[in-house]
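# Observations on the model geometry
Residues per chain are reported as follows:
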Amino acid sequence: MALREEALYASYRRLERPLFNVLYRQLWQTEDCQDLIHDAFMRVWERRAKVDEQTLDALVWTTALNLAKNRLRWRLLRRHEPLDEDSMEDHASTLDTTDFLAQRQLRRALRSLPAASRDVLLLAEFSGLNGAEIAAILGIPAGTVASRKHLAMAKLKALLGDRPDA
Amino acid sequence: MRELERLLPDLVPPTGGLARLQRQVHQAAVKPVRFRHPWLAVGLATACALLLALPLADQLAQHRRTEALLEALRGNTEPGAIQVTHGAALELASDRANVRIYLVQSDLPNTAVRR
């Protein structure tokens, strides 16, 4: 059955926030995230005749993550470093100076994680999906989700300097 | 990791995303139908061009042949070329070195060919 317009908008309402949280921790730029979410939904809509509403959310996640991957690759090729520190300050406006510095450190640590592990960690933190759903979206075995998440957390902890309250 | 949870707060996306999507979906609905597969359009255009070009190329070749024959009829007598009385001869391509092929056109019932 073809995708209906109302179903697309309902999916947007459901996924906009988790998608934004996951993609922001990859792209670190608000406008890029907004554009990417928009593009992901438009791509799905363009293929609406072949889209099953039952698997719509998973398809949007897969499309958005692939677009983010392409975007990061494009930045790497063009040696494009986004000026995102200001926008990051917007989000970090509620944090004190120590927290802001810690968040910069966290950002560097997240960037240094392998993309596969970072995807799993961010999806587990923000998507609201369970392990099996994350596995389906990323096209990996369910058991790998848990192991990648564990490894990502361990590496992140090491990169953050193993703080006592961490 | 408590610190991780604190440093990765749940962010609220900027407003207006849904309205933008709705606008774009409606704009897409009123746009003229585009080819879903651009390569199909390119293929069709190429096929049409070939269909037109093939008879044209044939006609051009025939025209060149006629022109050459008319030129010969007008008395083109190159040294060593075949001479035709009351007619003309046109040398055609031959794939064997010891064989020469001529297209001979006469303007009389009995044509005399002399080398």
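Preceding this paragraph is the structure being described.
Residues numbered from 1 in each chain as written. Chains lettered and ligands numbered in written order. Predicted model: local features only at pLDDT ≥ 70, side-chain atom pairs only at ≥ 80, totals over all residues. Heavy atoms only, no water.

### Some words on the interface of chain A and chain B
- Between chain A and chain B, the contact holds 33 residues from the first and 23 residues from the second.
- The contact between chain A and chain B buries some 3000 Å² in all, and 63% of this surface belongs to carbon and sulfur atoms.
- Between the two partners, chain A and chain B, sit two salt bridges.
- A salt bridge links Arg17 of chain A to Asp10 of chain B; the nearest nitrogen and oxygen atoms lie 3.1 Å apart. (Contact = heavy atoms within 4.5 Å. Buried area = accessible area lost by both parts, 1.4 Å probe. Salt bridge = Lys/Arg side-chain N within 4 Å of Asp/Glu carboxyl O.)

### A word on the side chain of Arg75 of chain A
All names here are of chain A.
- Considering the arrangement of structural elements, one finds Arg75 in helix 3 (residues 56–77).
- Of the residues examined, Arg75 reaches a relative accessible area of 5% and is grouped as buried.
- Polar side-chain contacts of Arg75 include one of 3.0 Å to the backbone oxygen of Leu27. (Helix = DSSP H or I, 4+ residues; strand = E, 2+ residues; numbered from the N terminus. Buried < 20%, exposed > 50% of the residue type's maximum accessible area, 1.4 Å probe, protein only. Polar contact = N/O pair within 3.5 Å; in protein donor to acceptor, adjacent residues only side chain to side chain.)

### Details of the nonpolar core
All names here are of chain A.
- If you look at the biggest cluster of nonpolar residues, it comprises 52 residues, and the most contacted ones within it are Leu19 and Phe41.
- Two domains each donate at least three residues to this core, and these are domain 1 (1–84) and domain 2 (94–166).
- Among all residues touching Leu19, those that are not within four sequence positions of it are Ile37, Phe41, Val60, Trp61 and Ala64. (Core = buried A, V, L, I, M, F, W, Y, C linked by side-chain atoms within 4.5 Å. Domains from an automatic or database assignment.)

### With respect to helix 6 (residues 115–126) of chain A
Residues and elements named next belong to chain A.
- The end-to-end C-alpha distance of helix 6 is 16 Å, a good match for the 16 Å that 12 residues give at a rise of 1.5 Å each.
- Looking at helix 6, one finds that the buried residues are Ser117, Arg118, Asp119, Val120, Leu121, Leu122, Leu123 and Phe126.
- Remark: Gly128 follows helix 6 within two positions and exhibits a positive phi of approximately 75°. (Expected span 1.5 Å × (residues − 1).)

### With respect to the packing of aromatic side chains
Residue and element names in this part refer to chain A.
- Scanning all chains against the criterion turns up three aromatic pairs over all chains.
- Judged by centre distance (5.5 Å) and plane angle (70°), the rings of Tyr24 and Trp28 are edge-to-face. Trp28 matches Tyr24 in its accessibility class, with the two residues each being buried.
- Aromatic ring contacts, followed pair by pair, group Phe20, Tyr24 and Trp28 into a single cluster.
- Over the ring of Trp45 we find Arg48; its NZ or CZ atom is 4.4 Å from the centre of that ring. (Phe/Tyr/Trp six-rings, centres within 6.5 Å; stacked < 30°, edge-to-face > 60°. Lys NZ or Arg CZ within 6 Å of the ring centre and 35° of its normal.)

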